[in-house]
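Breakdown of the fold
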Amino acid sequence: MASCCPSRDCRRLFNQRFAHRLANRYSKRGLDRTAQTMVEFLRELGIEGTTVLEVGGGVGEIQIELLKAGAARAQNLELSPAYEHEAHKLAGQAGVQGRLHWRIHDLAADPGAVAPADLIILHRVVCCYPDYERLLAAAADHARRALVFSYPPRNAISRAFYVVFNLVMRLTRSSFRGFAHPPGAMLAVLEDHGLRRTYERRGRIWQVAGLERAS
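Predicted, not measured: the structure shown is a model, and the values here were computed from it.

Thresholds, definitions, all that
- Residues numbered from 1 in each chain as written.
- Predicted model: local features only at pLDDT ≥ 70, side-chain atom pairs only at ≥ 80, totals over all residues.
- Heavy atoms only, no water.
- Helix = DSSP H or I, 4+ residues; strand = E, 2+ residues; numbered from the N terminus.
- Rg over C-alpha atoms; globule rule 2.2 N^0.38 Å.
- Buried < 20%, exposed > 50% of the residue type's maximum accessible area, 1.4 Å probe, protein only.
- Contact = heavy atoms within 4.5 Å.
- Areas by Shrake-Rupley, 256 points an atom, 1.4 Å probe, with all protein chains shown as cover.
- 1 Å grid on protein atoms, 1.4 Å probe; cavity = no way out; pocket = protein on both sides within 12 Å on 5 of 7 lines; lining within 4 Å.
- Points joined across faces, edges and corners; volume = space filled by probe spheres on them.
- Nonpolar A, V, L, I, M, F, W, Y, C, P; charged D, E, K, R; others polar.
- Patch = residues over 30% accessible without salt bridge, like charges linked within 9 Å, V, L, I, M, F, W, Y side chains within 5 Å.
- Salt bridge = Lys/Arg side-chain N within 4 Å of Asp/Glu carboxyl O.
- Arc of directions from axis to C-beta.
- Phe/Tyr/Trp six-rings, centres within 6.5 Å; stacked < 30°, edge-to-face > 60°.

Next up on the list: the overall build of the protein chain. Helix and strand counts for the protein chain stand at 8 helices and 7 strands. For 215 residues, the compact-globule estimate of 2.2 N^0.38 gives 17 Å, and the protein chain sits close to it at 16 Å. Dimensions of the protein chain, computed from the C-alpha atoms along their principal axes, are close to 45 × 40 × 35 Å. Taking all 215 residues of the protein chain together, 50% fall into the buried category. Pairs at least 24 residues apart make up 72% of the contacts formed inside the protein chain by residues separated by at least 6 positions. Total accessible area on the protein chain stands at roughly 10,500 Å², and carbon and sulfur atoms take up 50% of it.

See the structure below:
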């Protein structure tokens, strides 16, 4: 399976300037509204002593907030190396650097190389993956307790946005593509792998679904 972003395109799109901008915004304003919603869902479940795995965690702001709130340790899987410096810097400033592990890895392509975790997070990730079924199946199989993910709504506006976005990518000779995958189909994948949706928040740009391991 092709990963969501070949290495050269990841470095070009998600570069150090982009990472610095994200880190600076988090330092000044904290989590964005969607990320805060995801953190609140997990905190309601009880996160003391839990392990966290975030797929495509960028500069690690969600993991940092969960570690500060009581999670034991976190792992950030990324495809672009440009985030690493800012991620380590933010973790150091928050005093959680010893509990946050950062690595380059494609979970969908090689799920066996990553240990399961209590809580799984995918924030603005599935919209970058062509094979959402494989990605979400791998993520679900790694979730001991719960999984939360954000995704764009599948409507006329989002479809039009990705048509234009992907056209720009083609014109700039980038193989990166964005997707508005069908929410029902994504949730069905997670439910087929033993998770049950217990939370949903609909936003104009991003929607959030929280699922727990079925007992």
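Text resumes after the structure shown.
Of all 8 residues that make up helix 4 (residues 61-68), 6 are buried, and the element is covered over most of its length. Residues of helix 4 that are buried: Glu 61, Ile 62, Gln 63, Ile 64, Leu 66 and Leu 67. Directly beyond the C-terminal end of helix 4, a positive phi value near 125 degrees is found at Gly 70.

Right, let's get into the layout of surface pockets. Vacant regions in the atomic arrangement are exposed by a probe of water-molecule size rolled over the atoms. Approximately 1,000 Å³ is the volume found for the largest pocket. Along the walls of the largest pocket sit 46 residues, with Phe 14, Arg 124, Cys 127, Cys 128 and Trp 206 positioned nearest its centre. Of all the elements, helix 7 (residues 156-171) adds the most residues to the lining of the largest pocket, at 6 residues. The calculated volume of the second largest pocket comes to roughly 210 Å³. Grouping the amino acids of the lining of the second largest pocket by side-chain chemistry returns 2 nonpolar, 3 polar and 5 charged.

What follows concerns a nonpolar patch on the surface. Taken together, Val 163, Val 164 and Val 168 make up a surface patch of nonpolar side chains, about 250 Å² in accessible area. Relative to the helices and strands, Val 163 resides in helix 7. Using a relative accessible area of 56% as the deciding quantity, one classes Val 163 as exposed.

When we look at burial in helix 8 (residues 183-192), the residues that qualify are Pro 183, Met 186, Leu 187, Val 189 and Leu 190. One face of helix 8 carries all of its buried residues, which in axial projection span an arc of 150 degrees. Facing away from the buried side of helix 8, by more than 90 degrees, are the exposed residues Gly 184 and Asp 192. On its buried side, helix 8 packs onto helix 6 (132-141), strand 5 (143-151), strand 6 (195-201) and strand 7 (207-213).

To continue, consider the packing of aromatic side chains. The final tally for this structure, using the stated rule, is 6 aromatic pairs. Ring centres 6.4 Å apart and planes at 70 degrees place the aromatic pair Phe 18 and Tyr 83 in the edge-to-face group. Of this pair, Phe 18 sits in helix 2 (residues 16-29) while Tyr 83 sits in the loop between strand 2 (73-78) and helix 5 (84-94), and the two are 65 residues apart along the sequence. On the basis of relative accessibility, which here comes to 6%, the residue Tyr 83 falls in the buried class. Taking the centre distance of 5.9 Å and the plane angle of 80 degrees together, the rings of Phe 165 and Phe 176 count as edge-to-face. Here Phe 176 lies in the loop between helix 7 and helix 8 and Phe 165 lies in helix 7, a separation of 11 residues in the sequence. When its relative accessible area of 24% is taken as the criterion, Phe 165 is described as partly exposed. Feature note: the residues Phe 161, Tyr 162, Phe 165 and Phe 176 constitute an aromatic cluster, connected by ring pairs.

Let us look at the pattern of salt bridges. Opposite charge on two side chains permits them to pair, given that their charged atoms come into close proximity. Taken as a whole and assessed by the stated rule, the structure comprises 5 salt bridges. Asp 32 is the partner of Arg 124 in a salt bridge, and the nearest nitrogen-oxygen pair spans 3.5 Å. Here Arg 124, found in the loop between strand 4 (117-122) and helix 6, pairs with Asp 32, found in the loop between helix 2 and helix 3 (33-45); they are 92 residues apart in sequence, far enough to count as distant. Under the relative-accessibility criterion, Arg 124 is labelled partly exposed at 28%. Taking relative accessible area as the criterion, Asp 32 reaches 23% and is therefore assigned partly exposed. Where Glu 200 meets Arg 197, a salt bridge forms, and the shortest distance between an N and an O atom there is 3.6 Å. In this structure Glu 200 comes out as partly exposed when scored by relative accessible area, which is 32%. One connected set of salt bridges, linked through shared partners, spans Arg 197, Glu 200 and Arg 202.

The quantities given are spatial measurements derived from coordinates; they are silent on function.
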